[in-house]
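Residue-level listing of the chains:
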Amino acid sequence: MNSDTFLETKAVTKKFGDFTAVRDVSVKFKRGELTAIIGPNGAGKSTYFNLLTGAFTPTSGEIVFNGIDIAGQPQHRYTHLGIAKSFQITTVFPYLSVFENVRLAAQARVVTFDLFRPRTAYREVSEKADEILRRVNLIGQRERIAAKLSHGEQRSLEIGMALAADPTLLLLDEPTAGMSPEETRDMIDLIVTLSADRTVILVEHKMKLVMSICKKIIVLHQGGLLAEGAPDDVRHNDTVKRVYLGQKAV
Amino acid sequence: MSMLASEPVKVAEESVFRRVLLLIARHRMLSVTVLLLVFPLFMPYTSLAINILVLGLYAVGFNLMFGYAGALSFGHAAFLGMGAYGCGIAFVKFGIPWLPSIGIGVLVATALAFVMGYLAIRTRGIYFAMVTLALSQLVYYTVFQARTWTGGDDGLRGVNLAKINLVGFEFNFLNPTVRYYVIGAFVLFALWLLSRILESPFGAVLEGLRENEARARACGYDVSRARLIAFTLSGMFCGLAGALYALHLSIVPIETLHYTMSGLAVMMAILGGMGTFFGPFVGAATILLIEDLVSLWTVHWQLFVGAIFIVFVLFFPKGIWGSLLERLRL
Ligand SMILES: Nc1ncnc2c1ncn2[C@@H]1O[C@H](COP(=O)(O)OP(=O)(O)OP(=O)(O)O)[C@@H](O)[C@H]1O
Ligand SMILES: [Mg+2]
């Protein structure tokens, strides 16, 4: 294994009954390299993403993270290995405050089963939550109920919650889905900043968006790996043009 | 003119009311202590106050799983019942003193909750309700059959506790007022414990489970284990309620284990306000008071409870206490 290969999938396949959503995908992800997984609707991006985050167990194949095969480990272990994610559909704790959302996420790495000390006694957890809220520009909304935030703010909150786990690998499923152009720009800036300190892999539908910021693109189509490489290589790949980009002028 | 005159008074009244409720919600251990001390004064008779206390604690235990961890169990009568039988059998058949007998009741209920939880915890929603119901029915029939130990359908008789020694003093447990305050002390202790748990990091995890299980898992929490611990704790509180119930009634009726008792916990928690600290007590007080008052002139008191329950489910799904809190935006 190459030393800067951080994460690798070896022939992973995921079947739902008879239907193969992801087929034999082998990809190497390099440490620190901002990578995008793209592909048309139903290509298997979210399924592949869920395999990487442990939400699904592959039907066959290996997922090697830092040299260890982690496929089949319980999902909550992934966070402790340093892998965190945000969902395609915004998933926060709706009726907890913005602060408590992030505090609870930060707490996971520190303590779960302490039943007697007040949660406020874990000062380092609360401080970290505030630090993250500042980072994702939500400190002003600290006391608000998460459900009352705008869509874009909720997406930022979710990324904040992922960051609270101190991930070395951050996985984002369509982080800009449903965002206004302005919110999208802010989110892209945030992603670029975050990718300076950790490996970020994102699933994206909007092709143009990722071409400019990512170092590597992975194209999925009908569950299979169609192409991978630098944005320019992918852009000029004939098969990719035909099945994916053909619809829109590039 | 009269409107103008009455207006400021109303505002003042409301703000006093609001302030009182705010105070109660903010300082819950202090207010629960005060309420507990004066509660019998407002009740028609002390024994009813004790019933409310004990079944209120039962609803509180149930609410830990239902309102805080977000899972509806239909088998909590098993924990109330095993707490009661555990304490009663230790006391009657083994002649163990009352205080350790309570401990045994709690232990038996907690152990049962752990086993039932272990079997049920991987199921969700309606399946969780069904599995817990089925397991609690199993407990019901086992106890029903074990006549020599449990008295079968006659119930376990002779849980007669007359005198108790506490901190060097002798108390007459047959005196309702004494009994109220002794049982009240246990309930208070349980509520203090619960309050600590809710404030703890684990309490935060429970809220997370209720709010969004997928997110809690993604945060790195072992959801199954947290649910199992919540269920076990919930059974522990219900077991304590059961043990106190046995000493209070001086008999353990087989109905303690009946599935309608599980249903009662659901009703009390929903009517009072699920996921709130005081809600279950408010629910218990409401239902038991209605039973007491209405059953004076009709045997169909359950019709009243049912009607009120339906009104609340339809129009005030947060229950009595929950709706009050919401009005005050606490
Ligand atoms: N849990 C599931 N059970 C059965 N089929 C599924 C399941 N999840 C996804 N699929 C199917 O697998 C295929 C790939 O879905 P996936 O969500 O991975 O696509 P995607 O590339 O993320 O699409 P989108 O751009 O719409 O998010 C689809 O045909 C989908 O219907
Ligand atoms: Mg998707």
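A short note on the environment of Thr13(A)
All names here are of chain A.
Here comes step 1: Along the polypeptide, Thr 13 turns up in strand S1 (residues 5–16).
Here comes step 2: Since its relative accessible area comes to 8%, Thr 13 is described here as buried.
Here comes step 3: Leaving out residues up to four positions away in the same chain, Thr 13 has contacts with Thr 20, Val 22, Arg 23, Asp 24, Pro 58, Thr 59 and Ser 60.

Focus: a nonpolar patch on the surface
Here comes step 1: Residues Ile310(B), Val311(B), Leu314(B), Phe315(B) and Phe316(B) make up a contiguous nonpolar surface patch of about 520 Å² in total accessible area.
Here comes step 2: By secondary structure assignment, the location of Phe315(B) is in helix H14 (residues 301–315).

Here's the deal with helix H4 (residues 123–135) of chain A
All names here are of chain A.
Here comes step 1: Given a rise of 1.5 Å per residue, 13 residues ought to cover 18 Å, and the 18 Å separating the end C-alpha atoms of H4 matches this to within 8%.
Here comes step 2: For H4, the set of buried residues is Val 125, Ser 126, Lys 128, Ala 129, Asp 130, Ile 132 and Leu 133.
Here comes step 3: Buried-residue contacts for H4 involve helix H3 (98–107) and helix H5 (151–163).
Here comes step 4: Looking at the residues trailing H4, positive phi occurs at Asn 137, about 60°.

Describing the site of ligand 1
Residue and element names in this part refer to chain A.
Here comes step 1: Taken together, 14 residues sit near ligand 1, with Asn 41, Gly 42, Lys 45, Ser 46 and Thr 47 positioned nearest.
Here comes step 2: Between ligand 1 and the protein, one listed contact pairs an oxygen atom with a side-chain N or O atom of Ser 46 at 2.8 Å.
Here comes step 3: One of the side-chain nitrogen or oxygen atoms of Thr 47 is found 2.6 Å away from an oxygen atom of ligand 1.
Here comes step 4: Considering ligand 1 on its own, with 640 Å² of exposed area, one finds that the protein chains cover 62% of that surface.
Here comes step 5: For the shell around ligand 1, the secondary structure elements donating two or more residues are strand S2 (19–30) and helix H1 (45–52).
Here comes step 6: At three residues, the largest contribution of residues to the shell around ligand 1 is made by H1.

What about the sheet that holds S1(A)?
Residue and element names in this part refer to chain A.
Here comes step 1: The strand order across the open sheet formed by four strands is S2-S1-S4-S5, and the pairing between neighbours is antiparallel. The sheet is open, and its two borders are formed by S2 and strand S5 (68–69), each paired with just one other strand.
Here comes step 2: Summarising the sheet, S1 and S2 pair through eight bridges and their orientation is antiparallel. Paired with Thr 9 across the bridge in S2 is Val 27.

A short note on the pattern of salt bridges
Opposite charge on two side chains permits them to pair, given that their charged atoms come into close proximity.
Here comes step 1: Tallying each qualifying case throughout the model produces 20 salt bridges over all chains.
Here comes step 2: Two residues, Arg215(B) and Glu158(A), come together in a salt bridge whose shortest N-O distance is 2.9 Å. Highlighted residues: Arg215(B) in helix H10 (residues 213–219) and Glu158(A) in helix H5, drawn from two different chains.
Here comes step 3: A relative accessible area of 1% places Arg215(B) in the buried class.
Here comes step 4: For Arg217(B), the salt bridge is made with Glu213(B), and the minimal N-O distance between the two is 3.1 Å. Highlighted residues: Arg217(B) and Glu213(B), both in helix H10, separated by four residues, approximately one helical turn.
Here comes step 5: For Arg217(B), a relative accessible area of 24% translates into the label partly exposed.
Here comes step 6: Residues participating in the shared-partner salt-bridge network are Glu100(A), Arg103(A), Arg119(A) and Glu207(B).

Brief notes about the domain arrangement of chain A
All names here are of chain A.
Here comes step 1: Annotation of chain A at the domain level lists domain 1 (1–82 + 168–250) and domain 2 (89–166).
Here comes step 2: Opposite the 19 residues of domain 1 that make contact, domain 2 presents 14 residues.
Here comes step 3: Carbon and sulfur atoms make up 62% of the surface buried where domain 1 meets domain 2, a total of about 1200 Å² over both sides.
Here comes step 4: By the criterion of area lost to domain 2, the three top residues of domain 1 are His 80, Leu 190 and Leu 194, representing 30% of everything that side buries.
Here comes step 5: Our count for the contact surface shared by domain 1 and domain 2 stands at one salt bridge.
Here comes step 6: Here Arg 135 and Asp 197 are joined by a salt bridge, their closest N and O atoms 3.7 Å apart.

Brief notes about the coordination of the magnesium ion (ligand 2)
All names here are of chain A.
Here comes step 1: Of the protein atoms, only Ser 46 (OG) and Gln 88 (OE1) coordinate the magnesium ion (ligand 2), at distances of 1.9 to 2.2 Å. With Ser 46 in helix H1 and Gln 88 in the loop between strand S6 (83–86) and H3, this residue pair connects regions lying 42 residues apart in the sequence.
Here comes step 2: Residue classification places Ser 46 among the partly exposed positions, given a relative accessible area of 22%.
Here comes step 3: For Gln 88, a relative accessible area of 34% translates into the label partly exposed.

Points about the environment of Lys28(A)
All names here are of chain A.
Here comes step 1: Mapping Lys 28 onto the fold places it in strand S2.
Here comes step 2: The class for Lys 28 is partly exposed, based on a relative accessible area of 43%.
Here comes step 3: Taking the C-alpha atoms as reference points, Lys 28 and Phe 6, 22 residues apart in sequence, are found 7.6 Å from one another.
Here comes step 4: Every residue in contact with Lys 28, bar those within four places of it in the chain, is listed here: Thr 5, Leu 7, Glu 8 and Lys 216.

Reading guide: rules and limits
Residues numbered from 1 in each chain as written. Chains lettered and ligands numbered in written order. Predicted model: local features only at pLDDT ≥ 70, side-chain atom pairs only at ≥ 80, totals over all residues. Heavy atoms only, no water. Helix = DSSP H or I, 4+ residues; strand = E, 2+ residues; numbered from the N terminus. Buried < 20%, exposed > 50% of the residue type's maximum accessible area, 1.4 Å probe, protein only. Contact = heavy atoms within 4.5 Å. Patch = residues over 30% accessible without salt bridge, like charges linked within 9 Å, V, L, I, M, F, W, Y side chains within 5 Å. Areas by Shrake-Rupley, 256 points an atom, 1.4 Å probe, with all protein chains shown as cover. Salt bridge = Lys/Arg side-chain N within 4 Å of Asp/Glu carboxyl O. Expected span 1.5 Å × (residues − 1). Near = heavy atom within 4 Å. Polar contact = N/O pair within 3.5 Å; in protein donor to acceptor, adjacent residues only side chain to side chain. Pairing = 2+ DSSP bridges. Domains from an automatic or database assignment. Buried area = accessible area lost by both parts, 1.4 Å probe. Donors = N, O, S within 2.8 Å, 3.2 Å for Na, K, Ca; no water.

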